[in-house]
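# Reading the structure
If you want the building blocks of each chain, they are given just below.
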Amino acid sequence: MKKVFGVIGDPIAHSMSPVMHEAAFEAAGFDGAYHKFHVSPERLKDAMTGIRGLGLGGVNVTIPHKVTVMDYLDEIDPLAEKIGAVNTVVNENERLIGYNTDGEGFYTGLEPLLPKPVESMRVLIIGAGGAARAVAMTLAEHGAGELYITNRTEPKAAELAKACRSYVDTRSLTLTLAQARLTEFDLIINTTSVGMSPDTDRIPISLEMLGKRSVVCDLIYHPLETRFLAQSKKQGALTQNGLSMFVNQGALAFERWTNERAPREAMRQRVIQELGG
Ligand code: ATR
């Protein structure tokens, strides 16, 4: 019988997860369907009960439910617990288990690009929201050398740095200081929405002091190449856009649900097509 999955969020109309997962099911020959479900915060509890009642295989969880959904799960994976957010729920015989595949999705795409072991890297994370937290905790999990966090709202950077400090040497710094010391970082990651379509002219940090050997990542995938990445590339850095994180977080969810290897290339191509590329 067809297994049904979906994504819950509010708003949800523009989610690209359905087309990506439908492409994955088709390429893998898996008898599945994937729908978007508009779930308001007041209905989250009912929606989670509905997963059990209707026998859905699982769901992805997006804004604004990634943290609050944790109250309605039977079990939470340790990395998701550390991140403090869940983006994937698996219905295992009516036990709802929460995972976070965002950070691993990011790291899976990044690892092959790294010119040296992550243990010896000094990393700058721009932003201190949910995405920054997933990236920071996953880098800590993989043994990153040193983390630095900078953010428009400085107390939030300090707060995230404090939370990371139990796992990895982490400091927060102001945007001005980060800009001036940019050459010291081996890996720089933009987790903010600065530069996302339609505001594509904006850049999260000035790149004047960027070192030539740095790896620069942007979690944004619309546009595929932000101004921040284009400029970094021009200055000699290796770059990675947010597409691989989006595809890999979906692929890891697919693998949790189906116990089959995800057809990543088919998923990637479908998203690129959807983006009009
Ligand atoms: P996400 O889950 O995508 O990380 P979030 O938790 O709302 O979303 O976090 C958004 C991040 O982008 C924050 O670091 C935010 O900075 P503030 O803490 O100062 O709000 C950052 N951000 C969003 N819009 C921004 C802007 N226009 N300029 C600078 N930073 C911005």
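None of the values given here were measured: they were computed from a predicted structure.

## Notes on the overall build of the chain
- The number of helices and strands found in the chain is 10 helices and 12 strands.
- Computed over the C-alpha atoms, the radius of gyration of the chain is 19 Å, within 12% of the 19 Å expected from 2.2 N^0.38 for a compact globule of 277 residues.
- Taking the principal axes of its C-alpha atoms as reference, the chain extends roughly 55 × 40 × 35 Å.
- Buried positions account for 45% of the 277 residues belonging to the chain.
- At a minimum sequence separation of 6, the contacts of the chain that also span at least 24 residues come to 65%.

## Describing the environment of Leu238
- Among the structural elements, Leu238 can be located in strand S12 (residues 238-240).
- We classify Leu238 as partly exposed; it has 16 C-beta atoms within 10 Å.
- Considering only alpha carbons, one finds Leu238 and Asp169, 69 residues apart in sequence, at a separation of 25 Å.

## Notes on the UniProt feature "domain: Shikimate dehydrogenase substrate binding N-terminal" (unreviewed entry) in the chain
- UniProt marks residues 7-89 with the feature "domain: Shikimate dehydrogenase substrate binding N-terminal" (unreviewed entry), using the numbering shown here.
- In residues 7-89, the share of helix is 35% and the share of strand is 22%. The end C-alpha atoms are 10 Å apart.

## Considerations on the site of the ligand
- Every one of the 14 residues lining the ligand counts as a neighbour, but Gly129, Gly130, Arg152, Thr153 and Thr192 are closest to it.
- For the shell around the ligand, the element with the highest residue contribution is helix H5 (residues 130-141), accounting for three residues.
- A breakdown of the residues in the shell around the ligand according to their chemical character gives four nonpolar, eight polar and two charged.

## Description of the pairing of strand S2 (residues 32-38)
- Summarising the sheet, strand S1 (residues 3-9) and S2 pair through seven bridges and their orientation is parallel. Bridge pairing in S2 links Lys3 to Gly32.
- In this fold, S1 hands off to helix H1 (residues 17-28), which returns the chain to S2; that crossover is right-handed.

## Things to note about the UniProt feature "domain: SDH C-terminal" (unreviewed entry) in the chain
- With numbering matched to this structure, UniProt assigns "domain: SDH C-terminal" (unreviewed entry) to residues 242-271.
- In residues 242-271, helix accounts for 80% and strand for 0%; the two terminal C-alpha atoms are 12 Å from one another.

## Here's the deal with the domain arrangement of the chain
- Each domain of the chain was delimited in the assignment, giving domain 1 (3-100 + 244-274) and domain 2 (104-241).
- Between domain 1 and domain 2, the C-alpha centre-to-centre distance is 26 Å.
- Counting residues at the interface gives 13 residues for domain 1, matched by 13 residues for domain 2.
- Take the side of domain 1 that touches domain 2: its biggest share by element is six residues, from helix H9 (residues 243-258).
- Broken down by class, the residue content of the side of domain 1 that touches domain 2 amounts to six nonpolar, five polar and two charged.

## Describing the sheet that holds strand S10 (residues 187-190)
- With respect to topology, six strands assemble into an open sheet ordered S9-S8-S7-S10-S11-S12, the strand pairing being parallel. Of all the strands in the sheet, just strand S9 (169-172) and S12 have a single pairing partner and so form its edges. Along the sheet, successive strands turn relative to each other by an average axial angle of 15 degrees, direction set aside.
- Here strand S7 (residues 122-126) pairs with strand S8 (residues 146-150) via five bridges, running parallel.

## Regarding the nonpolar core
- In this structure, Val123, Ile125, Val135, Ala136, Leu147 and Ile149 are the most contacted members of the largest nonpolar core, which totals 78 residues.
- No other element matches the nine residues that H9 contributes to this core.
- Each of domain 1 (3-100 + 244-274) and domain 2 (104-241) contributes no fewer than three residues to this core.
- Those residues in contact with Ile149 that sit more than four places away from it in its chain are Ile125, Ala128, Ala132, Ala136, Ala157, Leu160, Ala161, Thr170 and Ser172.

## Focus: helix H8 (residues 227-234)
- Those residues of H8 that fall on the buried side of the exposure criterion are Phe228, Leu229 and Ser232. Take H8 and look down its axis: the buried residues cluster within an arc of 95 degrees, on one side only.
- For H8, the secondary structure elements touched by its buried residues are S10, strand S11 (215-218) and S12.

## Some words on the sheet that holds strand S6 (residues 95-99)
- The six strands are arranged S2-S1-S3-S5-S6-S4 in an open sheet whose pairing can be described as mixed. Two strands lie at the open edges of the sheet, namely S2 and strand S4 (75-76), each paired on one side alone.
- Here S1 runs beside strand S3 (residues 58-61); their pairing, made up of four bridges, is parallel. In the sheet register, Phe5 faces S3, and the bridge partner there is Gly58.
- Contacting S1, S2 and S3, H1 crosses the sheet at an angle of about 170 degrees to S2.
- The sheet strands contacting H9 are S1, S3, strand S5 (88-92) and S6, and the helix crosses S5 at an angle near 5 degrees.

Conventions we followed
- Residues numbered from 1 in each chain as written.
- Predicted model: local features only at pLDDT ≥ 70, side-chain atom pairs only at ≥ 80, totals over all residues.
- Helix = DSSP H or I, 4+ residues; strand = E, 2+ residues; numbered from the N terminus.
- Rg over C-alpha atoms; globule rule 2.2 N^0.38 Å.
- Buried ≥ 20, exposed ≤ 12 C-beta atoms within 10 Å, placed from the backbone.
- Contact = placed C-beta atoms within 7 Å.
- UniProt positions renumbered as here; feature names shortened; annotations may be inferred.
- Near = placed C-beta within 6 Å.
- Nonpolar A, V, L, I, M, F, W, Y, C, P; charged D, E, K, R; others polar.
- Pairing = 2+ DSSP bridges.
- Right-handed = clockwise from strand over helix to strand, strands pointing away.
- Domains from an automatic or database assignment.
- Axes fitted to C-alpha atoms, helices over the stretch in contact; angles between N-to-C directions.
- Core = buried A, V, L, I, M, F, W, Y, C linked by C-beta atoms within 7 Å.
- Arc of directions from axis to C-beta.

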